[in-house]
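Tertiary structure, described
Residue strings, one per chain:
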Amino acid sequence: MAEQREYTVVGMTCGHCRAAVAEEVGAVAGVEAVEVDLSSGALTVSGEGLDDDAVVAAVAEAGYEVRR
Ligand SMILES: [Cu+2]
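Here we summarise the structure given alongside this text. Along each chain, the written sequence defines residue order, and numbers are assigned to residues from 1. Only residues with pLDDT of at least 70 are given local features in this predicted model, and only at 80 or more are side-chain atom pairs given and counted; all residues enter the totals for whole chains, interfaces and linings. Just so you know, side-chain values use all the structure's heavy atoms and leave hydrogens and water out.

Strands are runs of DSSP state E lasting at least 2 residues, helices are runs of H or I lasting at least 4, and numbering of each runs from the N terminus. Across its full length, the protein chain holds two helices and four strands. Listed by position from the N terminus, the elements making up the protein chain come as β-α-β-β-α-β. Atoms considered for the radius of gyration are the C-alpha atoms alone. The globule rule reads 2.2 Å times the number of residues to the power 0.38. A globule of 68 residues ought to have a C-alpha radius of gyration of about 11 Å, and the protein chain, at 11 Å, matches this closely. Each principal axis of the C-alpha atoms in the protein chain carries an extent, and together these give about 35 × 20 × 20 Å.

Below, the structure written as structure tokens:
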């Protein structure tokens, strides 16, 4: 069943940051859609069988951090 989760990413400063996060998180297993709001840091992930740790790791891979 599809679900949606919200995270807050810290450290993004421009469109390239935003694109990097969207690309890395979009490659996580089960993820079907990613929305990133640069100004608020809001990361909305939609998909099935989402794994918080995998999302956090993908954000870290892009060079940013999820505020928990
Ligand atoms: Cu940037």
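Turning our eyes to something else, we now look at the pairing of strand 1 (residues 3-10). The pairing criterion for strands is at least two bridges between them, as found by DSSP. Taken together, the six bridges between strand 1 and strand 3 (residues 42-47) define a ladder with antiparallel strand orientation. Across the sheet, the residue bridging to Thr 8 is Ala 42, located in strand 3. With three bridges connecting them, strand 1 and strand 4 (residues 65-67) associate as antiparallel partners. Bridge pairing links Thr 8 to Arg 67 in strand 4.

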